[in-house]
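# Structure at a glance
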Amino acid sequence: MKTRNGPRKPHGTRVAVLGAGSWGTTFAKILADGGADVMLWARRPELAREIQEAQRNSDYLPGINLPRGLRSTSRLDLALAGAEQVYISVPSQSLRDNLEAITPHLHADAIVVSLMKGVEKASGLRMSQVIAEVLPIDESRIAVISGPNLALEIAKEQPTAAVVSSSSLETAQAVASVSRNRYFHSFVNTDVPGTEFGGVLKNLIAVAIGIVDGAGYGENTKASILTRGLVEMTDFSVAYGAQAETLSGLAGLGDLIATCQSPLSRNNTAGRLLGQGYHLKDVVERMQQTTEGLASVGPILELAKAKGVAMPIVEQVRQVLAGTLAPRDIAPHLTTDDEPQGERTNDGQAQGGSALRRAFKRAFDQLRYGGGSAGGDRP
Ligand SMILES: NC(=O)C1=CN([C@@H]2O[C@H](COP(=O)(O)OP(=O)(O)OC[C@H]3O[C@@H](n4cnc5c(N)ncnc54)[C@H](O)[C@@H]3O)[C@@H](O)[C@H]2O)C=CC1
Ligand SMILES: O=C(CO)COP(=O)(O)O
């Protein structure tokens, strides 16, 4: 297989990872363990030194030994020099500013990959859309990676899968071939909105699950929210051009399960604190790491309103965050008074519910009769 620059060479491919938090550092390890030549950019020089000299990132990945060959710098120009692929993992709200700093140093033919799971608060844009708006590169050279990817588990080399998505299958494959190793497998698809929205929306459902958990409700409530949450995720994403199958793949259902079940999830943890009665301000102070869901609620509800998509769970998360709904009052039968006329409360009969059912049927048929992996994710 070839890239636009000639034959692909995952081993030794020069890549830059920007952002040395828990996910950026873990992804740098994935890439280095897959044979790439990785330079990890950290904002703070002392962190770059710790990574490069001690092969540790003790703030974000305590107890993890990083690969010996992994280099790190706090200089963007050095990180980006000669980078054929650039992976970005900074908080979503800081992406635009970071892109402006990146632009002068970006290799003309580089592929740019978003590892982030948020939307820009001011514009409601997905991360790949912000990248396309700011960087002077063609959309076909932008990719996103999403999936059930709790950083610490992967840093411990527990077997995991993700999906690389790009409007160009060639780009997705070029990225997937580098983002693969003995413990991390990257599938590909070409549904960028579905893949990105899956990652954004599961955060909101994980906050809801945390809230009911913190409020003392049990497994039935959580399963109800998880299942109906997937319907909301699918309805919303399909309204914005996604394929329903993507939401039943790694970037949707897969990530939803991981995030809603794990105490490692920051969104889930933030929700649990809210459910226990902490105010949003105190929760934000206690969360030392990026909690994308808290910033995404507002823009996602705006976008949902624009397309007439009902999102009763996400709406109730907004109300709990605003302090206008007590966590115990969150209603897992999940309808709202302003639900559009004609939408019913029967499971699977709302507009997107049937889209979801069709997606499940297609996935089931694929599994039963062969011809591909469940969801739109391809090997
Ligand atoms: N941690 C995880 O398990 C996963 C996280 N993600 C996504 O990755 C993205 C980054 O999250 P994490 O690495 O987990 O967050 P984190 O909180 O662990 O690290 C964020 C990093 O960004 C740096 N940073 C903060 N403000 C910045 C700014 N203005 N400019 C540049 N750098 C800045 C911080 O110093 C830190 O190094 C998020 O969108 C998250 O949803 C995706 C998959 C898994
Ligand atoms: O995206 C993640 C797992 O796939 C990480 O979730 P949190 O941001 O909630 O920790």
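Residues numbered from 1 in each chain as written. Chains lettered and ligands numbered in written order. Predicted model: local features only at pLDDT ≥ 70, side-chain atom pairs only at ≥ 80, totals over all residues. Heavy atoms only, no water.

For the protein, an unreviewed UniProt entry supplies the name Glycerol-3-phosphate dehydrogenase [NAD(P)+] and the organism Agromyces soli. The UniProt entry for the protein carries this comment under Sequence similarities (unreviewed entry): "Belongs to the NAD-dependent glycerol-3-phosphate dehydrogenase family." Looking at the Pathway (unreviewed entry) heading of the UniProt record, one finds this comment for the protein: "Membrane lipid metabolism; glycerophospholipid metabolism." (UniProt positions renumbered as here; feature names shortened; annotations may be inferred.)

The general pattern is negative phi for most residues beyond glycine and trans for most peptide bonds. One non-glycine residue with positive phi stands out, namely Gln55, at about 50°. The exposure class assigned to Gln55 is buried, which follows from its relative accessible area of 12%. (Buried < 20%, exposed > 50% of the residue type's maximum accessible area, 1.4 Å probe, protein only.)

Let us look at the site of ligand 2. Taken together, Lys117, Gly147, Pro148, Asn149, Leu150, Lys202, Asp255, Thr259, Leu264, Ser265, Arg266 and Asn267 form the complete shell of residues around ligand 2. A distance of 2.8 Å separates an oxygen atom of ligand 2 from a polar atom in the side chain of Lys202. Residue Arg266 places a side-chain N or O atom 2.5 Å away from an oxygen atom belonging to ligand 2. For ligand 2, whose unbound accessible area comes to 300 Å², protein coverage reaches 92%. Assessed atom by atom at 2 Å from the grid points, ligand 2 resides in the largest pocket. Put simply, the parts of the chain that give the shell around ligand 2 at least two residues each are helix H11 (250–261) and helix H12 (266–275). Of the residues in the shell around ligand 2, the class split is 3 nonpolar, 5 polar and 4 charged. (Near = heavy atom within 4 Å. Polar contact = N/O pair within 3.5 Å; in protein donor to acceptor, adjacent residues only side chain to side chain. Areas by Shrake-Rupley, 256 points an atom, 1.4 Å probe, with all protein chains shown as cover. 1 Å grid on protein atoms, 1.4 Å probe; cavity = no way out; pocket = protein on both sides within 12 Å on 5 of 7 lines; lining within 4 Å. Sits in = over half its atoms within 2 Å of the grid points. Helix = DSSP H or I, 4+ residues; strand = E, 2+ residues; numbered from the N terminus. Nonpolar A, V, L, I, M, F, W, Y, C, P; charged D, E, K, R; others polar.)

Side chains of nonpolar character tend, in soluble globular proteins, to be buried together. With 40 residues, the main nonpolar core has Leu201, Ile205, Phe236, Ile300 and Met311 as its most contacted residues. Val17, Ala20, Leu40 and Ala174 belong to the second largest nonpolar core, which has 39 residues in total. (Core = buried A, V, L, I, M, F, W, Y, C linked by side-chain atoms within 4.5 Å.)

Taken as a whole and assessed by the stated rule, the structure comprises 1 cavity of 30 Å³ or more. Of the voids in this model, the largest cavity is the one considered here, and its volume is about 30 Å³. Lining the largest cavity are Met116, Lys117, Val144, Ile145, Ser146, Thr195 and Glu196. Listing elements by their share of the lining of the largest cavity, those giving two or more residues are strand E8 (142–146) and helix H8 (192–214). Each residue belonging to the lining of the largest cavity can be placed in one class, and the counts come to 3 nonpolar, 2 polar and 2 charged. (Points joined across faces, edges and corners; volume = space filled by probe spheres on them.)

In this numbering, the UniProt entry assigns the feature "active site" (unreviewed entry) to Lys202. Inspection of the secondary structure assignment puts Lys202 in helix H8. If near-sequence neighbours (up to four positions away) are discounted, Lys202 is found in contact with Lys117, Met233, Asp255, Leu256 and Thr259. A polar side-chain atom of Lys202 sits 2.6 Å from a polar atom in the side chain of Asn203. (Contact = heavy atoms within 4.5 Å.)

With that settled, consider the pairing of strand E4 (residues 37–41). Burial runs high along E4: 4 of the 5 residues are buried. Alignment of strand E3 (residues 14–18) against E4, held across 5 bridges, turns out to be parallel. Directly across from Ala16, in E4, lies its bridge partner Met39. Between the parallel pair E3 and E4, the chain is carried across by helix H1 (residues 22–33), and the sense of this crossover is right-handed. With 3 bridges connecting them, E4 and strand E5 (residues 71–73) associate as parallel partners. Bridged to Met39 within E5 is Arg71. A crossover links E4 with its parallel partner E5, the connecting element being helix H2 (residues 45–54), and its sense is right-handed. (Pairing = 2+ DSSP bridges. Right-handed = clockwise from strand over helix to strand, strands pointing away.)

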